[in-house]
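# Commentary on secondary and tertiary structure
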Amino acid sequence: MNKKSATIYDISKKLNVSVATVSRALNNHPRISQATKDLVMKTAKEMNYKQNNLAKALKSGETKNVGIIVPFVNTNFFSSVIRGIEEELSPFGYHVIICQSHEDVNIEKRHLNTLLNAQVDGIFMSVSKTTIDTEHIRNILDTSNTPIIFFDRKKDIPGISTVTIDDYRGGYIATEHLIKEGYKNICHFSGDLNLEIYQNRLNGYKQALIDHHFQVKEENIIPTGSSIDAGIEAIKKLWDRKSIPDAIFSASDFAALGACQELKKRNIKIPQEVAVIGFSNEPFTQFMELPISSVDQTPLVMGKMAGQVFLESVKENGSGISIEKKVVLAPQLYIRKSSKRK
């Protein structure tokens, strides 16, 4: 049988001290002697006292909880961002509540309401691909002081800070690398263009072609999902219409992996006949039999930076000032066998 939790009144009665003294000792009040604090803490432990965190939160105005909403947690990118946020906030006593939208804006809305009802101190968010209308997010700004920080996938909403990488630059350096390796007919697997990150990667791809005097061919831009199956289907589509490229820049590592699998199935040599480069630098890209070149999004750094932006916003709100921040991190290209011909 579980031992019943004691209250501060029980501790007060046992030690023959006031309830106020017990409360102050438990909250490390400077006017209470260390000897009294030690005695109260020892007695509280012996009596199975559990502090009422809700009451403490109502009194302080802080719950020391933050919410994180991501499309999925089972990718290295999002799990690494979550780790970065947690590592940055944990020393300050914060705990994280993780929610998955499953790329569904209605689930995203429900999670936002749940987190607000739980009175979290802040919300970190990477929007779903079905988040087109942002009224549910804008309403929070109008009705709550809870800071929101977008990371990776964002919407341009005044008053919300963002932490992203330069996706445009990432698309540019990936495409430029293929051009410098001597590839002439470079195809792009674009991802879901409803999301700004994929639109920026596409624009970087286009600009690199233009700057190096290549024609931008719309038939070389293949809308794809961010899955292995999407990469397989994109290769089938290209080969069926006999629009065969000599290089592929995929906006997703998973689609790049699918492309490699289907090319291998068709006995197409990588990178001699077709080069492949992805985006995100998922761990599998470097441990494959044929390692895949990829653009790294520095997710751990992104998470830590998002945590720092939140902590700064907490300080600013305390002074009555709130400053919107836009942090853009530099992408890094990792060149591996899948694209290195020279």
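Residues numbered from 1 in each chain as written. Predicted model: local features only at pLDDT ≥ 70, side-chain atom pairs only at ≥ 80, totals over all residues. Heavy atoms only, no water.

Named according to an unreviewed UniProt entry, the protein is Transcriptional regulator, LacI family originating from Chryseobacterium taeanense.

### A closer look at the domain arrangement of the protein
Inclusion rule: An automatic or database domain assignment supplies the residue ranges for each domain.
On domain assignment, one finds that the protein holds domain 1 (8-51), domain 2 (64-165 + 299-331) and domain 3 (167-296). Each of domain 1 and domain 2 was reduced to a C-alpha centroid, and the two centroids are 37 Å apart.

### Notes on the packing of helix α1 (residues 8-15) against helix α2 (residues 19-26)
Rules: Helix axes are fitted only over the stretch in contact, all axes being lines through C-alpha atoms; the angle between N-to-C directions runs from 0 to 180 degrees. Runs of E in the DSSP output that reach at least two residues are strands. Runs of H or I that reach at least four are helices, and both are numbered from the N terminus. Orientation categories follow fixed angle ranges, with anything under 35 degrees roughly parallel, anything over 145 roughly antiparallel, 65 to 115 roughly perpendicular, and all other angles oblique. Should the near helix be turned anticlockwise from the far one by less than a right angle, the crossing is termed left-handed; should it be turned clockwise, right-handed. A contact between two residues is defined here by any heavy atoms of the two lying within 4.5 Å. In this classification, Asp, Glu, Lys and Arg are treated as charged, Ala, Val, Leu, Ile, Met, Phe, Trp, Tyr, Cys and Pro as nonpolar, and every other residue, Gly included, as polar.
Running from amino to carboxyl end, α1 crosses α2 at an angle of 110°, the nearest separation of the two axes being 8 Å. Relative to α2, the element α1 is oriented roughly perpendicular. When you trace α1 past α2, the crossing you get is right-handed. Mapping the contact onto sequence places Ile8, Tyr9, Ile11 and Ser12 in α1 and Val19, Val22 and Leu26 in α2. Residue composition of the contact of α1 with α2, by class: 6 nonpolar, 1 polar and no charged.

### What to know about the pattern of salt bridges
Note the threshold: Definition used for salt bridges: Asp or Glu carboxyl oxygen within 4 Å of a side-chain nitrogen of Lys or Arg. The cut-offs for exposure are 20% and 50% of the maximum accessible area for each residue type, with area from a 1.4 Å probe on protein chains only; residues under the lower value are buried, those over the upper are exposed, and the others partly exposed.
Enumeration according to the criterion identifies 12 salt bridges in this entry. A salt bridge links Lys154 to Asp156; the shortest N-O distance between them is 2.8 Å. Given the relative accessible area of 16%, Lys154 is considered buried. Shared partners join several salt bridges into a network, and the residues in it are Arg83, Glu87 and Lys304.

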